[in-house]
Number of protein chains: 2
Amino acid sequence: MTDALAPGRVIGILGGGQLGRMLSVAASRLGYRCHIYDPGVAPPAGQVAEYVTTAPWDDAAALTEFAASVDVITFEFENIPTATLVLLEALRPIRPGRRALAVSQDRLHEKEFLQTLGLETAPFALVDSAEALERAVAQIGTPAILKTRRMGYDGKGQARIDGAADIQPAWDAMQGAPAILEGFVTFSLEISVIAARGLSGEVAAFDPGENLHKSGILHETRVPARVSARQRSDAVLVAAKVLNALDYLGVLGVEMFVTPQGLIVNEIAPRVHNSGHWTQNGCSVDQFEQHIRAVVGLPLGDGGRYADVVMENLIGDDLDRLPDLLRAKDTAVHLYGKPEARAGRKMGHVNRIIR
Amino acid sequence: MTDALAPGRVIGILGGGQLGRMLSVAASRLGYRCHIYDPGVAPPAGQVAEYVTTAPWDDAAALTEFAASVDVITFEFENIPTATLVLLEALRPIRPGRRALAVSQDRLHEKEFLQTLGLETAPFALVDSAEALERAVAQIGTPAILKTRRMGYDGKGQARIDGAADIQPAWDAMQGAPAILEGFVTFSLEISVIAARGLSGEVAAFDPGENLHKSGILHETRVPARVSARQRSDAVLVAAKVLNALDYLGVLGVEMFVTPQGLIVNEIAPRVHNSGHWTQNGCSVDQFEQHIRAVVGLPLGDGGRYADVVMENLIGDDLDRLPDLLRAKDTAVHLYGKPEARAGRKMGHVNRIIR
């Protein structure tokens, strides 16, 4: 604990959405205070944090003042501009570090990184022109998905290609941004492992969750996932390999496809992850607290699961079901404090205890 | 739900200690924002609330401004000055209401109120002079405890009487404050029921917890309590009776002694209660959220327990054990963000899942 930040010290969080909000609450349980930095006015995380800075990512003065007011910096999303990170990391430690961000900000780097670790990924090819896309489709086949290399989130910046007619529209949809074409993987289910690595190098993983998507957005995560003991330990080992290779500090989410040939890594997210929200009601230490522990240098907690849980996202007008959800048995409701329910907007989630 | 406050509205909380802090976090889960009012600088609850007012209880301007900024008012402790309540309740609803506070602020009124409901209490007598104390000791016997009628908290304002020699010192310890003498009750264990009553009159109770005190301060609460099914339902009925008689809105804690003659009510607390902290890790809806639901007019949640829990308070230098507690299996640590660990000061608690 000698290297740990003392309770009462301040954690800076880049991004003030629901993940920053739940990180802030978890930090409070351990006695830390939080300072949220977000370009948007009245970020949800600001409602439960002691300090909030509202300023753009390129406001050097605001960033410098923010850094001076905190003891360590973490983030709730991976697409923070590089110049912002360069400025901040000269002033305070950023955890997890730049390497993890660099890898995960670019789908091509991410896939190449995973391959260097001997991990399986979907087939992919770099696409930087309509001609390159044609070659890539010929190589990988259809169906396939064209994705921008950077700034992808919840199915945005993606176009599906089922045949030749889709090639030009797909490329146009990228608006000139460098992209990669990913082949489809035949899988029986998608799982994700939420795992953490601490300052002393220890790794702790939560039980894999089984994910169900709707319209490209996570709809539901169930634990335990319907996988064998072998698949479960394989999945945890994949996450541990990634954490160690990145000399990682904090929580990381790894999405994987379960196939007859073994696990195929879909993507990694260098942060707390939507598919780990079930831990709030299934574990004594949830993913948000685990992340804060790693970031401040405390020992990781016991990630053991003591309940089966189904997490369901509340998206857009799913909130209309709130009256029933509030009355439902064994159901924990978590709302994000966002002012308006727009289509596709994550408004909250529920964790249902299964017993 | 038509009478419920819309998410995004503001709940005013009088008192910014650990209970206000955990209420604020629970409110955030339901999408509400909080405004803490506390005379002390930098109250713990302010670290997780959007707004904080630091002003004395008799600052009419600050109270008026506070009331104007919130939609409903609740509190984390019962000893709020009457003038403060009078001012506030003319401006915004206070939940639970004045009646519950009036009863619980005065040990004599509380005991008389419980008796009117047909509930058993320890023998007691009003004591307003050294002579009255002598008569009361003759009537009730020893050992007995002399307690100030008002403002008692965690064993303060109390003096034990084992014999005639203790009478004068006990009275002196009251410093002239009106007091009551309470006889001892022979009990097998102390339990408490945390129960809530909502706007539509519905009542929900958590499983009784079994309490262990050390030096007059709660040390540990275990659920399930070692009581029979009959005692358990009796205990819940006692709480329901109190809630209904007070036309109560919110969570109430009732401490009871289990005796061969039945349950004897020790005291009621018109607020979330230390002995209900276990609900944070044993139930999908904890006592703090249940209170917020009642206060804003949402339906009460399912208070069903899905895990056995032992809650232990961390008092003063108990914090020295933190490194071990953070590593312990199935253990959830909750710290209160208080700057210094003074003797007798509640610094946090841990919930241990028993499985």
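For the structure, check the block above.
What you see as residue numbers is a count from 1 along each chain, following the sequence as written. Chain labels run from A onward and ligand labels from 1 onward, assigned in the order the entries are written. Restriction of local features to residues with pLDDT of at least 70 applies here, the model being predicted, together with a cutoff of 80 or more for giving and counting side-chain atom pairs; totals for whole chains, interfaces and linings are based on all residues. Based on all heavy atoms of the structure, the side-chain values leave hydrogens and waters out of the count.

Novice: Describe the relation of the copies chain B and chain A, naming the residues involved and giving the relevant values.
Specialist: Here the copies are matched by least squares. The fit uses the C-alpha atoms of residues with pLDDT of at least 70 in both. Its rotation angle being 180°, the transformation that places chain B on chain A also includes 0.0 Å of axial translation and leaves an RMSD of 0.0 Å. What the rotation and shift describe, once combined, is the action of a two-fold rotation axis. Rotation axis and chain B: the residue whose C-alpha lies nearest the axis is Val48(B), separated from it by 2.0 Å. Looking at chain B, 100% of its interface residues are interface residues in chain A too, so the copies touch through the same face. Whether two residues are in contact is decided by their heavy atoms, any of which lying within 4.5 Å being enough.

Novice: Give me the sheet that holds strand β6 (residues 144-148) of chain B: which residues, what numbers.
Specialist: Residue and element names in this part refer to chain B. Within the open sheet, the four strands sit side by side as β5-β8-β6-β7. Their pairing is antiparallel. Only two strands of the sheet have a single neighbouring strand rather than two, namely β5 (124-127) and β7 (158-161). Within the sheet, the average angular offset between the axes of one strand and its neighbour, ignoring direction, is 25°. Note on geometry: axes are lines fitted to C-alpha atoms, helical ones only across the stretch in contact, with angles between N-to-C directions running from 0 to 180 degrees. A helix here means a DSSP run of H or I that spans at least four residues, while a strand means a run of E at least two residues long, and both kinds are numbered starting from the N terminus. Helix α6 (residues 130-140) rests against β5, β6, β7 and β8 (179-183) of the sheet, and its axis sits at about 170° to β5. Each pair of strands is called paired provided DSSP finds at least two bridges between the two strands.

Novice: Explain the packing of helix α2 (residues 60-69) of chain B against helix α3 (residues 82-89) of chain B to me, using residue names and the numbers behind them.
Specialist: Residues and elements named next belong to chain B. Relative orientation of the contacting elements α2 and α3 amounts to 40°, with a least axis distance of 10 Å. Classified by the angle between their axes, α2 and α3 sit oblique to one another. The hand of the α2/α3 crossing is right-handed. On α3, the residues that touch Ala60, Leu63, Thr64, Phe66 and Ala67 of α2 are Thr84, Leu87 and Leu88. Lys, Arg, Asp and Glu make up the charged group, whereas Ala, Val, Leu, Ile, Met, Phe, Trp, Tyr, Cys and Pro make up the nonpolar group; the residues left over, Gly among them, are polar. Within the contact of α2 with α3, the residues separate by chemical class into six nonpolar, two polar and no charged. Orientation is classified from the angle alone, with under 35 degrees giving roughly parallel, over 145 giving roughly antiparallel, 65 to 115 giving roughly perpendicular, and any other angle giving oblique. Should the near helix be turned anticlockwise from the far one by less than a right angle, the crossing is termed left-handed; should it be turned clockwise, right-handed.

Novice: Any details on unusual backbone geometry? Residues and values, ideally.
Specialist: In the segment running from Arg95(A) into Pro96(A), the intervening peptide bond is cis, with an omega of -10°. Within the fold, Pro96(A) resides in the loop between α3 (82-89) and α4 (98-104). At the junction of Thr142(A) and Pro143(A), the peptide bond is cis and its omega measures out at -5° in the coordinates. Tracing the sequence through the fold places Pro143(A) in the loop between α6 (130-140) and β6 (144-148). Phi at Ala42(A) is positive, roughly 50°, even though this residue is not glycine. In this structure, Ala42(A) sits in the loop between β2 (33-38) and β3 (51-54). You will see that Gln175(B), though not glycine, has its phi angle at about 55°, which is positive.

Novice: If you had to explain the nonpolar core to someone new, which residues and values would you point to?
Specialist: By convention a nonpolar core is built from buried Ala, Val, Leu, Ile, Met, Phe, Trp, Tyr and Cys residues, the set being connected through side-chain atoms within 4.5 Å. The cut-offs for exposure are 20% and 50% of the maximum accessible area for each residue type, with area from a 1.4 Å probe on protein chains only; residues under the lower value are buried, those over the upper are exposed, and the others partly exposed. In this structure, Ile11(A), Tyr32(A), Ile292(A), Ile11(B), Tyr32(B) and Ile292(B) are the most contacted members of the largest nonpolar core, which totals 92 residues. Not counting residues up to four positions away in its chain, the partners in contact with Tyr32(A) are Leu5(A), Ala6(A), Pro7(A), Gly8(A), Arg9(A), Ile11(A), Ala27(A), Ile292(A), Val296(A), Leu298(A) and Gln47(B).

Novice: Let's hear about the packing of aromatic side chains: which residues, and what values?
Specialist: Residues and elements named next belong to chain A. To pair, rings of Phe, Tyr and Trp, with the six-membered ring standing in for Trp, must have centres within 6.5 Å; the planes then decide the type, stacked if under 30 degrees apart, edge-to-face if over 60, and tilted in the middle. This structure, assessed with the given rule, holds 11 aromatic pairs over all chains. Note on Tyr37 and Phe66: the rings are 5.2 Å apart at their centroids and 70° apart in plane angle, and the pair reads as edge-to-face. Here Tyr37, found in strand β2, pairs with Phe66, found in helix α2 (residues 60-69); they are 29 residues apart in sequence, far enough to count as distant. Accessibility classification places Tyr37 together with Phe66 in one group, the buried group.

Novice: Can you tell me about the sheet that holds strand β4 (residues 72-75) of chain A, naming the residues and giving the values?
Specialist: All names here are of chain A. With parallel pairing, four strands are arranged side by side in an open sheet as β3-β2-β1-β4. This sheet does not close on itself; its edge strands, each paired only once, are β3 and β4. Neighbour to neighbour, the strand axes of the sheet diverge by 20° on average, direction disregarded. One ladder, built from five bridges, connects strand β1 (residues 10-14) with β2; its direction is parallel. Bridge pairing in β2 places Ile11 opposite Cys34. α2 contacts β1, β2, β3 and β4 of the sheet and is inclined by roughly 170° relative to β2.

Novice: Let's hear about the environment of Asp207(B): which residues, and what values?
Specialist: Residues and elements named next belong to chain B. Inspection of the secondary structure puts Asp207 in the loop between β10 (203-205) and β11 (209-214). On the basis of relative accessible area, Asp207 is assigned to the buried category, the value being 16%. Asp207 sits 76 residues away from Cys283 along the chain, and the two C-alpha atoms are 10.0 Å apart. Excluding residues within four positions of it along the chain, Asp207 makes contact with Val223, Arg232, Trp278 and Arg305. At a separation of 2.8 Å, a polar atom in the side chain of Asp207 contacts the side chain of Arg305. Polar contacts here mean pairs of N or O atoms no more than 3.5 Å apart (in protein, one a potential hydrogen donor and the other a potential acceptor; neighbouring residues in sequence count only if both atoms are side-chain atoms).

Novice: Lay out the environment of Gln18(B) in plain terms, naming residues and giving numbers.
Specialist: By secondary structure assignment, the location of Gln18(B) is in helix α1 (residues 18-29). With near-sequence residues (within four places) excluded, Gln18(B) lies in contact with Glu76(B), Tyr336(B), Lys338(B) and Lys346(B).

Novice: Please set out the interface of chain B and chain A residue by residue, giving values where relevant.
Specialist: Across the contact, 42 residues belong to chain B and 42 residues belong to chain A. Each partner contributes to the roughly 3,400 Å² buried at the junction of chain B and chain A, and carbon and sulfur atoms together form 56% of this total. Computed with a 1.4 Å rolling probe, the buried area is the accessible surface lost when two parts are put together, summed over both parts. Of all residues in chain B, Gln47(B), Tyr306(B) and Leu326(B) give up the largest surface area on contact with chain A, accounting jointly for 20% of the area buried on that side. Should a side-chain nitrogen of Lys or Arg be within 4 Å of a carboxyl oxygen of Asp or Glu, the pair is scored as a salt bridge. Our count for the chain B to chain A interface comes out at zero salt bridges. At the junction of chain B with chain A, the criterion picks out 16 residue pairs in polar contact (both at pLDDT 80 or more). Looking at the side of chain B that touches chain A, the elements that each hand over two or more residues are α1, α10 (287-296), α11 (322-327) and β16 (331-335) of chain B. Of the residues forming the side of chain B that touches chain A, the biggest block, five residues, is contributed by β16(B). Looking at the side of chain B that touches chain A residue by residue, the classes come out as 19 nonpolar, 11 polar and 12 charged.

Purely spatial values, then, with no claim about function.
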